[in-house]
Amino acid sequence: MNGIHILLIAIFTVLETSHAHGHFQGIDRPRCQNGHGHPVKLHSDTRSRVYDLRRLMANRNPNQALSAYIVTSFDDHQNEDVANCDKRREFISGFSGLRADVVITQKSLALWAPERYLAQANAELDCDWTIFDMQNYPSITDWIGSELPADSRVGADPQTIPHFLWSKYDTHLHRKLIRLVKVSRNLVDEVWKSRPPPNNYEIFVHPVVFAGEKWQTKIMSLRLRLVETRSDAIIITSLTEISYLLNLRSNDLPHTPVVKAYLIVSHNETVLYVDKARITLGIELHLKANPCFIGDLCVRVRHYSNIWHDIKSYSHRWHNVIVPSHCAFDKGASESIYSSLPKDIIQSIPSPVILMRAQKNDIEREGMRKAHIMDAVAMCETLSYLEQKFKAGHKLTEVSVSKIVDYSRTGSPSNKGLSMKTIVSYGRHSAVPHFEVFNGMDTEIGDDSVLIIESGGQYLEGTTKVTRTLHFGTPTSEHRTAYTNVLKGIITSATLDFPVRLKMSEVDALTRVHVWGAHYDNKLSTGHGIGSFSSIKESPIKIDSTEEANLTFKAGYFFSNEPAYYKPHQFGIRLSSVIEVEDIEKRDPTGVPFLAFKDISLVPFDMKLIDTSALSTEEKRWLNRYNADIRQLVGEELKKQPSAQAFFWMMNQTGHIIEYYPESEFRKHNNANCQIQWSLLSLFVIMFGIIL
């Protein structure tokens, strides 16, 4: 049977590889022809880099030459928004977008990117590259199978590929009789002669006054989870988890305040693997690192590279070790971590730190609310300034607005930078989800379409994210209808009381129901978890109907609510706010607890884009309450600012709207009033008759 199975695989492989080279054409690239058959170059020449890489692929030991090499966007800790020294995919391809993977063979070059980045990739990559939509056929392994014969060797750096993805690649390529090979020294690093050095920012303590818990308490809680799972230890590779557990922060990633490190936690030992030159006396005292003995509640500090030696040493003592698996936005540990341990001792489950971190403590919750008030002050100042400049005739473009938004947050003493790259898109660009300006495509902002601003900040108190859609002119009825439907999605979530068994995936439908009424839908997720002075995308919360996990909400969770509408090549509407999950201390008759959502983002909506006649009475009441909160909480802070412009702009945007009844409700209400009036009149007549 095994022989027949191998024969069938061989026949299938022959049929697959019999397709002519270039069978998968990729996206159309009209810019690569100027009428004379010559490629049009829009980006720096990467051909010499590819040539050097191909030479390394070929010039290996006998029988070890590589037919292809995979380069991902991930760094060694499976982050996608990486430091400059880890932008290997950008260096070798020239594509500067956040997410993409490339494969280089001796004859072909291919890149896979999400749909939002395809236009950018088309503009930035030279014409040697074939570009594919990451969400569509073919996959990376399908393409490799069509390009390479059986018995080929495909190389990749196992440190830059999460284990679950490596396993997927390996399985699919094995079916095509192609071998996936671990290359311990990244080949891109070998040809990157001017590679930037690693970040060397200061590591600082995140005080308990903001963190809410000492690191010792968190470590003890984690050890209880080791007992529950009957594990000897856990290897933590996620930078956000390590920074959360130890109350440490730095700027080792562009928009996430983390420290580049590994962490091992066992029942009697905690070991941090980090660049020891960055550990100051203050950090040593914080971690109680010197001296630190086994059994003490302290953190032993080892050099970053010692992790590989220690894992192999510990593996002789461990019987069961947690190696984190993929969970929502966390990719889990790399293939290198997994392959450094015996398979029989690995417990591959989502890191228990994910659930610990997601449920914010009381101090973190209060901090998140304060951060959003400070952020709203900055955004009100920015939006009022932009409106003033536009009315005065100043030229505004997507890039200039982005810079103004970025600068606005620096005024707060507790601001520590941005939580994401600010995205500003106008007109046709706003019709592209999360559009990013590239290669001189900066558009001037006018008064005939909508402007979307997506941004967020990192504060000592918490992390913020907010998206607002604006119009500097007179919106069309289509603009107002689309905006109002999206706003109704925001209101639906913000007014929801629900039983604790409600699944996260079910909230996605509640938020979309109003745009569905306009016979529209999009493939984007509705929301995601938000960290506390941490990542803008935090697991396990993912509001998406395609999610298979049956996760439910807990009081203290924070997530983004991001309904949207995109009309291709015309315009887009996007609104996002951060939602806090609250315990309202109510139960149904059977004792099931109820929770509620509360919108803590306090940036006004654009009133001229709202069709108030399409809002129900309850929706108007919510909007009035929301605007009242802005006037009270944000207005109080704006009064302290030297300029009154932002305050008056905010007051104008949060005016009270009449909560009249829709016609159907008005009839019902009016009929009830008539009955009451007739009853009172009858009673009056009877009483008058008795008196007479």
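Residues numbered from 1 in each chain as written. Predicted model: local features only at pLDDT ≥ 70, side-chain atom pairs only at ≥ 80, totals over all residues. Heavy atoms only, no water.

K.L.:
Quick one: what's the story with the overall build of the chain, residue by residue and with numbers?
P.N.:
Counting secondary structure elements, the chain contains 21 helices and 27 strands. In terms of overall dimensions, the chain is globule-like: its C-alpha atoms have a radius of gyration of 29 Å, near the 26 Å expected for 692 residues. On the principal axes, the C-alpha backbone points of the chain span a range of 120 × 75 × 60 Å. Within the chain, contacts between residues at least 6 apart in sequence are counted, and of these 73% link residues at least 24 apart. Split by element, the accessible area of the chain, about 31700 Å² in all, is 54% carbon and sulfur. Counting 77 positive and 78 negative side-chain charges, the chain places the centres of these two groups 2 Å from one another. (Helix = DSSP H or I, 4+ residues; strand = E, 2+ residues; numbered from the N terminus. Rg over C-alpha atoms; globule rule 2.2 N^0.38 Å. Contact = heavy atoms within 4.5 Å. Areas by Shrake-Rupley, 256 points an atom, 1.4 Å probe, with all protein chains shown as cover. Lys, Arg positive; Asp, Glu negative; His and termini not counted. Charge placed at Lys NZ, Arg CZ, Asp CG, Glu CD.)

K.L.:
Break down the layout of surface pockets for me, citing the residues and quoting the values.
P.N.:
Each pocket or cavity is described by its volume, and for the second largest pocket that value is around 460 Å³. Taken together, 24 residues line the second largest pocket, and the ones lying closest to its centre are Asp 76, Cys 85, Pro 198, Lys 260 and Tyr 304. Residues of the lining of the second largest pocket, tallied by class, amount to nine nonpolar, five polar and 10 charged. (1 Å grid on protein atoms, 1.4 Å probe; cavity = no way out; pocket = protein on both sides within 12 Å on 5 of 7 lines; lining within 4 Å. Points joined across faces, edges and corners; volume = space filled by probe spheres on them. Nonpolar A, V, L, I, M, F, W, Y, C, P; charged D, E, K, R; others polar.)

K.L.:
Before we move on, could you go through the state of the cysteines and cite the residues and values that matter?
P.N.:
Per the stated rule, a full pass over the model turns up two disulfides. Here Cys 32 is linked by a disulfide to Cys 127, with a sulfur-sulfur distance of 2.1 Å. The sign of the S-S torsion, about -100°, decides the handedness of the disulfide formed by Cys 32 and Cys 127: left-handed. Here Cys 127 lies in the loop between helix 4 (118-124) and strand 4 (129-133) and Cys 32 lies in the loop between helix 1 (2-17) and helix 2 (47-58), a separation of 95 residues in the sequence. Under the relative-accessibility criterion, Cys 32 is labelled buried at 9%. Between Cys 292 and Cys 298 runs a disulfide, and the two sulfur atoms are separated by 2.0 Å. Disulfide Cys 292-Cys 298: torsion about the S-S bond near 80°, hence right-handed. With a relative accessible area of 16%, Cys 292 lands in the buried category. Exposure remark for Cys 298: the relative accessible area of 4% places this residue in the buried category. Each bonded cysteine in the chain gets a number by its place in the sequence, and the pairs come out as 1-2, 3-4. (Disulfide = S-S within 2.5 Å. Buried < 20%, exposed > 50% of the residue type's maximum accessible area, 1.4 Å probe, protein only.)

K.L.:
I'd like a description of the sheet that holds strand 19 (residues 466-470), backed by residues and values.
P.N.:
Judged by pairing direction, the sheet is antiparallel, and its three strands sit side by side in the order 16-17-19 without closing on themselves. Two strands lie at the open edges of the sheet, namely strand 16 (423-426) and strand 19, each paired on one side alone. In this sheet, neighbouring strand axes are inclined to one another by 10° on average, regardless of whether the strands run parallel or antiparallel. Of the pairings in the sheet, the one linking strand 17 (residues 451-455) to strand 19 comprises five bridges and is antiparallel in character. Looking at strand 19, one finds that Ile 452 is bridged to Thr 469. (Pairing = 2+ DSSP bridges. Axes fitted to C-alpha atoms, helices over the stretch in contact; angles between N-to-C directions.)

K.L.:
An account of the sheet that holds strand 4 is requested, with residue identities and associated values reported.
P.N.:
Here we have six strands laid out as an open sheet, ordered 4-3-2-1-5-6, and mixed in their pairing. Both outer strands of the open sheet, strand 4 and strand 6 (179-182), are each paired with one neighbouring strand and no more. Pairs of neighbouring strands in the sheet enclose a mean axial angle of 25°, with direction left out of account. Note: strand 1 (residues 68-71) against strand 5 (residues 153-156), three bridges, orientation parallel. Within strand 5, the residue paired with Ala 68 across the bridge is Val 154. Each of strand 1, strand 2 (101-105), strand 3 (109-113) and strand 4 is contacted by helix 2, which is oriented at about 65° to strand 2, the strand it contacts most. Along the sheet, helix 5 (residues 140-147) makes contact with strand 1, strand 2, strand 3, strand 4 and strand 5, crossing strand 2 at roughly 10°.

K.L.:
I'd like a rundown of empty space enclosed by the protein, residues and numbers included.
P.N.:
This model, assessed by the stated rule, comprises six cavities of 30 Å³ or more. Quantified by volume, the largest cavity comes out at close to 90 Å³. The wall of the largest cavity is formed by Leu 383, Glu 387, Leu 470, His 471, Phe 472, Pro 604, Phe 605, Asp 606, Lys 608, Trp 649 and Gln 653. Within the residue set of the lining of the largest cavity, elements represented by two or more residues are helix 15 (362-391) and helix 20 (645-653). Per-class residue counts for the lining of the largest cavity are six nonpolar, two polar and three charged. Roughly 70 Å³ of volume is contained in the second largest cavity. Contributing to the lining of the second largest cavity are Arg 512, Val 515, Asn 522, Leu 524, Ser 525, Thr 526, Glu 562, Pro 563 and Ala 564.

K.L.:
Can you lay out the packing of aromatic side chains for me, pointing to particular residues and giving the numbers?
P.N.:
Under the defined criterion, the tally for this structure stands at 20 aromatic pairs. Measuring from ring centre to ring centre gives 6.0 Å for Tyr 262 and Trp 308, while their planes differ by 70°; the resulting arrangement is edge-to-face. Separated by 46 residues along the polypeptide, Tyr 262 in strand 10 (residues 262-266) and Trp 308 in helix 12 (residues 307-314) bring together distant segments of the chain. By relative accessible area, Tyr 262 is classed as buried at 1%. What makes Trp 308 partly exposed here is its relative accessible area of 24%. A ring pair is formed by Phe 498 and Phe 553, whose centres lie 5.8 Å apart and whose planes are at 65°; its orientation type is edge-to-face. (Phe/Tyr/Trp six-rings, centres within 6.5 Å; stacked < 30°, edge-to-face > 60°.)

K.L.:
Break down unusual backbone geometry for me, citing the residues and quoting the values.
P.N.:
Here the bond from Tyr 137 into Pro 138 is cis, since omega is 5°, no more than 30 degrees from zero. For the peptide bond that leads from Ser 539 to Pro 540, omega is 10°, which places it in the cis range. Relative to the helices and strands, Pro 540 resides in strand 22 (residues 538-543). Backbone geometry at Ala 328 places phi at a positive 55°, although glycine is not the residue there.

K.L.:
Talk me through the nonpolar core; I want residue IDs and the actual numbers.
P.N.:
Among the nonpolar cores identified, the biggest contains 53 residues, and Ile 453 and Phe 605 are the most heavily contacted of them. Ranked by residues supplied to this core, first place goes to helix 15 with eight residues. When sequence neighbours within four positions are dropped, the list of residues in contact with Phe 605 reads Arg 468, Tyr 483, Leu 487, Ile 490, Leu 575, Ser 577, Ile 610, Trp 622, Leu 623, Tyr 626 and Gln 653. (Core = buried A, V, L, I, M, F, W, Y, C linked by side-chain atoms within 4.5 Å.)

K.L.:
Quick one: what's the story with the pairing of strand 4, residue by residue and with numbers?
P.N.:
The buried fraction of strand 4 amounts to four of the five residues, a majority that puts the element mostly inside the structure. Of the pairings in the sheet, the one linking strand 3 to strand 4 comprises five bridges and is parallel in character. Considered in strand 4, the bridge of Ala 110 is made with Thr 130. Following the backbone out of strand 3, through helix 4 and into the adjacent parallel strand 4, one traces a crossover that is right-handed. (Right-handed = clockwise from strand over helix to strand, strands pointing away.)

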